[in-house]
Amino acid sequence: MDDEVRKVMITGGAGFIGSELSHQAVARGLTVEVVDNLVNGNPDYLADLPADRCRLSVADVRDRDAMRELMAGCDVVYHLACLGVRHSIHSPMDNHDVNATGTIGLLEVARELEVKQLVYTSSAEVYGSACHGPVVEENELAPTNPYGAAKLGAESYVRSFHTCYGLPTVVLRLFNAFGPREHHEGDCGEVIPKFLLRALAGRPLVVFGDGTQTRDFNFVADTARAILEAGLRPAAVGHVINVGSGVETSVNDLARMVIDVVGNPGVEVVHEAARPADIARMCANGTKARDILGYTPEVALADGLRRLNDWYAKEGMTFESLLMDECVHNWVGDEVAATAGRSGAGGRLSPRPAPPARR
Ligand SMILES: NC(=O)c1ccc[n+]([C@@H]2O[C@H](COP(=O)([O-])OP(=O)(O)OC[C@H]3O[C@@H](n4cnc5c(N)ncnc54)[C@H](O)[C@@H]3O)[C@@H](O)[C@H]2O)c1
């Protein structure tokens, strides 16, 4: 670890992966400046961290003045703030604005302030239809949806700020993270929480397509550990690195595993038409992550599913109330709008309002 790193900025730090990263950074002795506009984040996910070690500022990454003020004094920037895949299908321009334009604005501020290292969390979606098995970073890139295109645009800007201006950047291509605090709601809802909550409620699991499509599911604590390392190791600068588990699981097999973990064997699996431009295979070759970040995943899928199941039980909200925020076809704008805020909790596990900005 670079001993001179004391304070880090985490954009999107009140989100699923960002909140786990914030906890790990504080545990490593760092002070964390979280920037999140809370469009999909939850301030409660940071509430247990000491106020003098983790500060949440409610701000938009596209607000350059705010970013300049908040980034001053930060040694490392972890840029996670984003809008997701399904959002991009119903709102491609807005998605581009945050994910690509927002990133180049942030890079300009980081360059101006001469931050020591900037880590950008890109996505396996940049490989798109060119992913035919465990994929290496030099593989062809062929995103199939606007999110993948915006992430590719953003990571290209990140790489170009390194090659053109010498900004010390690292690009990580994350594969599907899963675990506690993962989104089940609205257009953020991911397959694992949606399956788990439905299995708990005894409702059918809905698979889009024939279910033979594969994904590389990586437990969120493992994903966040790799991200943290990427900002603390100068040797990572200039690299593009996959972060996944290296294990390919079909959606049909995932459905069976979830039913098994929940212990509700009567739950049905139903199939519907495929999601637009869904990718057939996704899996990481993790050699670079191991060699450069010293990273190997520790939590296997079945174990991670049990931990997520336990976490829902601990949170004390019923799966029935959480499922009120589910949107089944969550890439269809009208359906997303119709389901928004159905539970009154805004799709969050805790309905408490956001605190005022601390700036
Ligand atoms: N979750 C995954 O499996 C996965 C896979 C590949 C890549 N990634 C990448 O990892 C990062 C984190 O993903 P996540 O799953 O935690 O998503 P998330 O939605 O939980 O977190 C993103 C956070 O960014 C915030 N945000 C959105 N727009 C913002 C803006 N304009 N200004 C400030 N904050 C804003 C949201 O409120 C949210 O808290 C993203 O960059 C994503 O592209 C995630």
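The structure we're discussing is the one just above.
Notes on the structure follow. Note that this is a predicted model, so its numbers are computed, not measured.

## A look at the overall build of the protein
In terms of regular secondary structure, the protein is built from twelve helices and 15 strands. Along the first, second and third principal axes, the C-alpha atoms of the protein reach 55 × 45 × 35 Å. Out of the 359 residues belonging to the protein, those deemed buried represent 51%. Long-range pairs, those at least 24 residues apart, make up 78% of the contacts in the protein with a sequence separation of at least 6.

## Focus: the site of the ligand
If you check the shell around the ligand, you find 32 residues, and the closest are Gly12, Gly15, Phe16, Ile17 and Gly41. Broken down by secondary-structure element, the contributors of at least two residues to the shell around the ligand are α1 (16-27), β2 (31-36), α4 (92-113) and β5 (117-123).

## Section: the pairing of β5
Across the seven residues that make up β5, a large majority, seven, are buried. Where burial is concerned, the two faces of β5 agree: the one with Gln117, Val119, Thr121 and Ser123 and the one with Leu118, Tyr120 and Ser122 are both buried. Strand direction decides the pairing type here: strand β4 (residues 76-79) and β5, joined by four bridges, are parallel. Considered in β5, the bridge of Val77 is made with Leu118. Bridge analysis of β5 against strand β7 (residues 169-174) gives six bridges, and the strand direction is parallel. Paired with Val119 across the bridge in β7 is Val170.

## Here we look at the nonpolar core
Core analysis: the biggest nonpolar cluster contains 103 residues, and Val8, Tyr78, Leu172 and Val258 have the highest contact counts within it. When near neighbours in sequence (up to four residues on either side) are disregarded, Leu172 contacts Val119, Thr121, Ser122, Ala226, Ile227, Ala230, Ile241 and Val243.

## Section: the environment of Arg159
Position of Arg159 among the secondary structure elements: in helix α5 (residues 146-165). Residue classification places Arg159 among the partly exposed residues on the basis of 19 C-beta atoms within 10 Å. In this structure Arg159 touches Thr169 and Val171, once residues within four positions along its chain are discounted.

## Comments concerning helix α2 (residues 64-71)
Among the residues of α2, Met67, Leu70 and Met71 are the ones counted as buried. Relative to the axis of α2, the buried residues are bounded by an arc of 90° and lie together on one face. The inward-facing, buried residues of α2 abut β1 (7-11), β2, β3 (54-58), β4 and α4. Downstream of α2 by a residue or two, Gly73 has a phi angle that is positive, lying close to 90°.

## Description of the sheet that holds β5
What the seven strands build is an open sheet, ordered β3-β2-β1-β4-β5-β7-β12; its pairing is parallel. Of all the strands in the sheet, the pair left with one neighbour each is β3 and β12 (240-243). On average, adjacent strands in this sheet sit at an angle of 20° to one another, irrespective of strand direction. Bridge count between β2 and β3: five bridges; the pairing is parallel. Residue pairing in the sheet places Val32 in a bridge with Cys54 of β3. Docked against the sheet, α1 engages β1, β2, β3 and β4, running at close to 170° with respect to β1. Packed onto the sheet, α5 meets β5 and β7 and runs at close to 155° relative to β5.

## Quick look at unusual backbone geometry
Positive phi, close to 65°, is recorded for Leu38, a residue that is not glycine. Considering the arrangement of structural elements, one finds Leu38 in the loop between β2 and β3. With 19 C-beta atoms packed within 10 Å, Leu38 lands in the partly exposed category. Positive phi, close to 55°, is recorded for Ala277, a residue that is not glycine. Mapped onto the secondary structure, Ala277 falls in the loop between β14 (269-272) and β15 (283-284). The class of Ala277 is partly exposed, set by 15 C-beta atoms lying within 10 Å.

Conventions used here
The residue numbers shown here count from 1 along each chain, following its written sequence. Where totals are concerned, whole chains, interfaces and linings use all residues; where local detail is concerned, this predicted model gives features only for residues with pLDDT of at least 70, and gives and counts side-chain atom pairs only at 80 or more. Helix numbers and strand numbers start at the N terminus; a helix is a DSSP run of H or I with at least 4 residues, a strand a run of E with at least 2. Around each residue's C-beta, the other C-beta atoms within 10 Å are counted; 20 or more make the residue buried, 12 or fewer make it exposed, and counts in between make it partly exposed. All C-beta atoms are placed from the backbone. Residues are defined as contacting one another if the C-beta atoms placed from their backbone atoms lie within 7 Å. Nearness here is judged by the C-beta atom: place it from the backbone, and if it falls within 6 Å of a molecule or strand, the residue counts as near that partner. Pairing between strands is defined by DSSP: at least two bridges between them are needed. Nonpolar cores are built from buried Ala, Val, Leu, Ile, Met, Phe, Trp, Tyr and Cys residues. These are joined into a set through C-beta atoms within 7 Å. Directions pointing from the helix axis toward each C-beta atom define the arc. All axes are obtained by fitting lines to C-alpha atoms, using only the stretch in contact for helices, and the reported angles, taken between N-to-C directions, cover 0 to 180 degrees.

Shape descriptors only; they carry no functional weight alone.
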